[in-house]
Amino acid sequence: MRKRTAVLAVVLALTAAPSPASAAPLETGPWTSYSPSFDVQERGCGTVSGLTFRLTCATASGDQRAERRYATYSSGVRQFEGYFRITTMPGSRISLKQTFGPDGPFFMLAVERGGRLYAVHGGATLATGATVGTQVRVNTVHNTGNGAHRTYINGSNRHSQTGGSGGYYDKFGAYRTASGAGPADVTWSGIQFWQK
(Lines give C-alpha, C1' and ligand atoms only; values in the text may rest on other atoms or scores of the structure.)
Protein backbone atom coordinates (compact mmCIF):
# COMPACT_ATOMS: atom_id res chain seq x y z
CA MET A 1 0.00 0.00 0.00
CA ARG A 2 2.82 2.42 0.87
CA LYS A 3 4.51 1.75 -2.49
CA ARG A 4 1.25 2.41 -4.37
CA THR A 5 0.76 5.70 -2.47
CA ALA A 6 4.31 6.81 -3.33
CA VAL A 7 3.80 6.02 -7.01
CA LEU A 8 0.49 7.92 -7.01
CA ALA A 9 2.21 10.94 -5.42
CA VAL A 10 4.86 10.96 -8.18
CA VAL A 11 2.21 10.73 -10.91
CA LEU A 12 0.21 13.58 -9.36
CA ALA A 13 3.33 15.76 -9.07
CA LEU A 14 4.16 15.20 -12.74
CA THR A 15 0.63 16.02 -13.90
CA ALA A 16 0.16 19.05 -11.62
CA ALA A 17 2.55 21.30 -13.54
CA PRO A 18 1.14 24.79 -14.07
CA SER A 19 -0.97 25.12 -17.20
CA PRO A 20 0.30 27.31 -20.04
CA ALA A 21 -2.64 29.65 -19.43
CA SER A 22 -1.12 30.69 -16.09
CA ALA A 23 1.73 32.60 -17.78
CA ALA A 24 1.82 36.39 -17.42
CA PRO A 25 2.08 38.76 -20.39
CA LEU A 26 5.53 39.88 -21.48
CA GLU A 27 6.73 43.50 -21.49
CA THR A 28 5.63 46.35 -19.23
CA GLY A 29 1.89 46.75 -18.65
CA PRO A 30 -0.66 47.38 -17.54
CA TRP A 31 -2.18 44.72 -19.77
CA THR A 32 -5.89 43.89 -19.96
CA SER A 33 -6.96 40.41 -21.03
CA TYR A 34 -9.54 40.17 -23.81
CA SER A 35 -11.13 37.44 -25.95
CA PRO A 36 -11.44 38.31 -29.64
CA SER A 37 -13.78 36.31 -31.85
CA PHE A 38 -12.35 33.98 -34.47
CA ASP A 39 -13.19 32.02 -37.61
CA VAL A 40 -11.85 28.57 -38.45
CA GLN A 41 -10.20 28.27 -41.87
CA GLU A 42 -9.89 24.84 -43.50
CA ARG A 43 -8.64 24.72 -47.07
CA GLY A 44 -7.16 22.01 -49.26
CA CYS A 45 -6.17 19.10 -47.02
CA GLY A 46 -6.32 21.21 -43.84
CA THR A 47 -8.54 20.11 -40.96
CA VAL A 48 -9.19 21.66 -37.55
CA SER A 49 -10.43 19.85 -34.45
CA GLY A 50 -10.50 22.18 -31.46
CA LEU A 51 -6.90 23.35 -31.07
CA THR A 52 -5.42 20.59 -33.24
CA PHE A 53 -4.48 21.63 -36.77
CA ARG A 54 -3.62 19.09 -39.48
CA LEU A 55 -2.35 19.12 -43.02
CA THR A 56 -2.98 15.59 -44.18
CA CYS A 57 -1.35 15.70 -47.63
CA ALA A 58 2.14 16.13 -49.05
CA THR A 59 0.93 18.51 -51.75
CA ALA A 60 3.50 21.24 -52.51
CA SER A 61 1.03 23.49 -54.31
CA GLY A 62 -2.34 25.07 -53.69
CA ASP A 63 -3.85 26.53 -50.54
CA GLN A 64 -3.31 24.01 -47.74
CA ARG A 65 -4.32 25.48 -44.40
CA ALA A 66 -5.86 24.70 -41.03
CA GLU A 67 -6.02 27.87 -38.95
CA ARG A 68 -7.89 30.15 -36.58
CA ARG A 69 -8.25 33.71 -37.86
CA TYR A 70 -8.97 36.22 -35.08
CA ALA A 71 -10.85 39.54 -35.22
CA THR A 72 -9.18 42.59 -36.76
CA TYR A 73 -7.66 45.27 -34.52
CA SER A 74 -6.41 48.72 -35.54
CA SER A 75 -5.44 50.55 -32.34
CA GLY A 76 -3.40 50.14 -29.17
CA VAL A 77 -0.76 47.56 -28.30
CA ARG A 78 -1.79 43.92 -28.65
CA GLN A 79 -0.17 40.78 -27.33
CA PHE A 80 -0.81 37.19 -28.40
CA GLU A 81 0.39 34.17 -26.46
CA GLY A 82 0.13 30.51 -27.31
CA TYR A 83 1.97 27.21 -26.88
CA PHE A 84 2.37 24.78 -29.74
CA ARG A 85 3.48 21.17 -29.85
CA ILE A 86 4.17 19.42 -33.15
CA THR A 87 2.91 15.85 -32.88
CA THR A 88 3.90 14.68 -36.36
CA MET A 89 5.73 16.41 -39.19
CA PRO A 90 6.83 14.44 -42.23
CA GLY A 91 6.56 17.73 -44.15
CA SER A 92 8.52 20.96 -43.73
CA ARG A 93 8.27 24.76 -43.88
CA ILE A 94 4.87 25.06 -42.25
CA SER A 95 3.67 28.43 -40.97
CA LEU A 96 2.48 28.26 -37.36
CA LYS A 97 1.67 31.89 -36.42
CA GLN A 98 0.93 34.97 -38.51
CA THR A 99 0.28 38.64 -37.88
CA PHE A 100 -1.67 39.63 -40.96
CA GLY A 101 -1.94 43.22 -42.17
CA PRO A 102 -3.95 45.18 -44.72
CA ASP A 103 -1.38 44.33 -47.43
CA GLY A 104 -1.03 40.64 -46.62
CA PRO A 105 1.16 38.73 -44.15
CA PHE A 106 3.07 41.22 -41.97
CA PHE A 107 4.92 38.52 -39.99
CA MET A 108 4.93 34.75 -40.44
CA LEU A 109 6.59 32.28 -38.07
CA ALA A 110 7.27 28.91 -39.68
CA VAL A 111 9.03 25.67 -38.80
CA GLU A 112 11.24 23.35 -40.83
CA ARG A 113 11.42 19.61 -40.27
CA GLY A 114 14.19 19.28 -37.71
CA GLY A 115 12.91 22.11 -35.52
CA ARG A 116 14.24 25.39 -36.94
CA LEU A 117 11.80 28.28 -36.35
CA TYR A 118 12.23 31.10 -38.83
CA ALA A 119 10.66 34.29 -40.19
CA VAL A 120 9.19 33.45 -43.60
CA HIS A 121 9.95 36.92 -44.97
CA GLY A 122 13.71 37.28 -44.81
CA GLY A 123 14.41 33.77 -43.57
CA ALA A 124 15.97 34.77 -40.23
CA THR A 125 16.31 31.92 -37.72
CA LEU A 126 14.42 32.71 -34.52
CA ALA A 127 15.16 29.50 -32.63
CA THR A 128 15.94 25.81 -32.98
CA GLY A 129 14.61 22.86 -31.05
CA ALA A 130 10.94 23.00 -32.09
CA THR A 131 11.06 19.25 -32.66
CA VAL A 132 8.22 16.74 -32.55
CA GLY A 133 6.83 16.53 -29.01
CA THR A 134 8.47 19.72 -27.69
CA GLN A 135 6.23 22.46 -26.32
CA VAL A 136 7.15 25.98 -27.47
CA ARG A 137 5.74 29.28 -26.16
CA VAL A 138 5.12 32.05 -28.71
CA ASN A 139 4.30 35.68 -27.87
CA THR A 140 3.88 38.50 -30.36
CA VAL A 141 3.61 42.12 -29.24
CA HIS A 142 2.34 44.62 -31.81
CA ASN A 143 2.18 48.39 -31.28
CA THR A 144 -0.18 49.77 -33.90
CA GLY A 145 0.89 53.34 -33.06
CA ASN A 146 4.50 53.02 -34.23
CA GLY A 147 4.24 49.76 -36.17
CA ALA A 148 6.69 47.88 -33.91
CA HIS A 149 6.20 44.10 -33.84
CA ARG A 150 8.23 41.78 -31.61
CA THR A 151 8.21 37.99 -31.49
CA TYR A 152 9.23 36.08 -28.38
CA ILE A 153 10.08 32.38 -28.31
CA ASN A 154 9.97 30.81 -24.84
CA GLY A 155 10.06 34.29 -23.32
CA SER A 156 13.08 35.56 -25.28
CA ASN A 157 12.75 38.36 -27.86
CA ARG A 158 13.95 36.74 -31.09
CA HIS A 159 12.63 39.01 -33.85
CA SER A 160 11.67 42.67 -34.29
CA GLN A 161 10.32 44.62 -37.23
CA THR A 162 8.40 47.84 -37.91
CA GLY A 163 6.16 49.24 -40.57
CA GLY A 164 2.62 49.38 -41.77
CA SER A 165 -0.64 50.77 -40.45
CA GLY A 166 -4.28 49.87 -40.65
CA GLY A 167 -6.14 46.75 -39.58
CA TYR A 168 -4.28 43.65 -38.40
CA TYR A 169 -5.25 40.23 -37.11
CA ASP A 170 -3.64 37.16 -35.58
CA LYS A 171 -3.73 33.68 -37.09
CA PHE A 172 -2.29 30.42 -35.87
CA GLY A 173 -2.47 26.76 -36.79
CA ALA A 174 -0.74 25.00 -39.69
CA TYR A 175 -0.37 26.58 -43.12
CA ARG A 176 1.77 25.42 -46.06
CA THR A 177 4.24 28.16 -47.02
CA ALA A 178 5.08 28.75 -50.68
CA SER A 179 8.14 26.51 -50.33
CA GLY A 180 6.61 23.99 -47.94
CA ALA A 181 4.53 20.82 -47.91
CA GLY A 182 2.74 18.66 -45.34
CA PRO A 183 1.83 16.48 -43.71
CA ALA A 184 1.95 18.21 -40.34
CA ASP A 185 0.00 17.86 -37.12
CA VAL A 186 0.20 20.70 -34.55
CA THR A 187 -1.67 21.20 -31.28
CA TRP A 188 -1.91 24.64 -29.69
CA SER A 189 -2.82 25.45 -26.08
CA GLY A 190 -2.84 28.30 -23.57
CA ILE A 191 -4.13 30.86 -26.06
CA GLN A 192 -4.38 34.34 -24.55
CA PHE A 193 -4.72 37.92 -25.77
CA TRP A 194 -3.95 41.19 -23.97
CA GLN A 195 -4.18 44.84 -24.90
CA LYS A 196 -3.11 48.22 -23.54
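Sequence order sets the numbering: in each chain, residues are counted from 1 along the sequence as written. Totals for whole chains, interfaces and linings use all residues, but because this is a predicted model, local features are given only for residues with pLDDT of at least 70 and pairs of side-chain atoms are given and counted only at 80 or more. The side-chain quantities take in all heavy atoms of the structure and omit both hydrogens and water.

Peer 1: Requested: an account of the state of the cysteines, with residues and values cited.
Peer 2: Disulfides are defined as pairs of cysteine sulfur atoms found within 2.5 Å of each other. Going through the model one piece at a time under the given rule, you end up with one disulfide. Each sulfur of the disulfide joining cysteine 45 and cysteine 57 lies 2.1 Å from the other. Here the S-S torsion is close to -65°, and the disulfide linking cysteine 45 with cysteine 57 is therefore left-handed. Taken together, the positions of cysteine 45 in the loop between β2 (38–43) and β3 (46–49) and cysteine 57 in the loop between β4 (52–55) and β5 (65–70) put the pair twelve residues apart, joining distant regions of the chain. The exposure class of cysteine 57 is buried, given its relative accessible area of 18%. For the purposes of this entry, the term helix denotes a DSSP run of H or I that reaches at least four residues, the term strand denotes a run of E that reaches at least two, and both are numbered from the N terminus. Residue exposure (1.4 Å probe, protein chains only): buried if accessible area is under 20% of the type maximum, exposed if over 50%, otherwise partly exposed.

Peer 1: Tell me about the environment of glycine 123, and please be specific about residues and values.
Peer 2: Relative to the elements of secondary structure, glycine 123 occurs in the loop between β9 (117–119) and β10 (125–127). Contacts were defined at the residue level, with two residues in contact if any of their heavy atoms lie within 4.5 Å. Glycine 123 has contacts with Arg116 and Tyr118, leaving out every residue within four places of it along the chain.

Peer 1: How would you summarise the nonpolar core if you had to cite specific residues and measurements?
Peer 2: Phe84, Val111, Leu117, Val138, Ile153 and Trp188 are the most contacted members of the largest nonpolar core, which has 31 residues in total. Examining the composition of this core, we find that four residues originate from one element, strand β15 (residues 184–195), more than from any other. The term nonpolar core refers to a set of buried residues drawn from Ala, Val, Leu, Ile, Met, Phe, Trp, Tyr and Cys, joined through side-chain atoms within 4.5 Å. In this structure, Leu26, Trp31, Val77 and Tyr152 belong to the second largest nonpolar core, which totals six residues.

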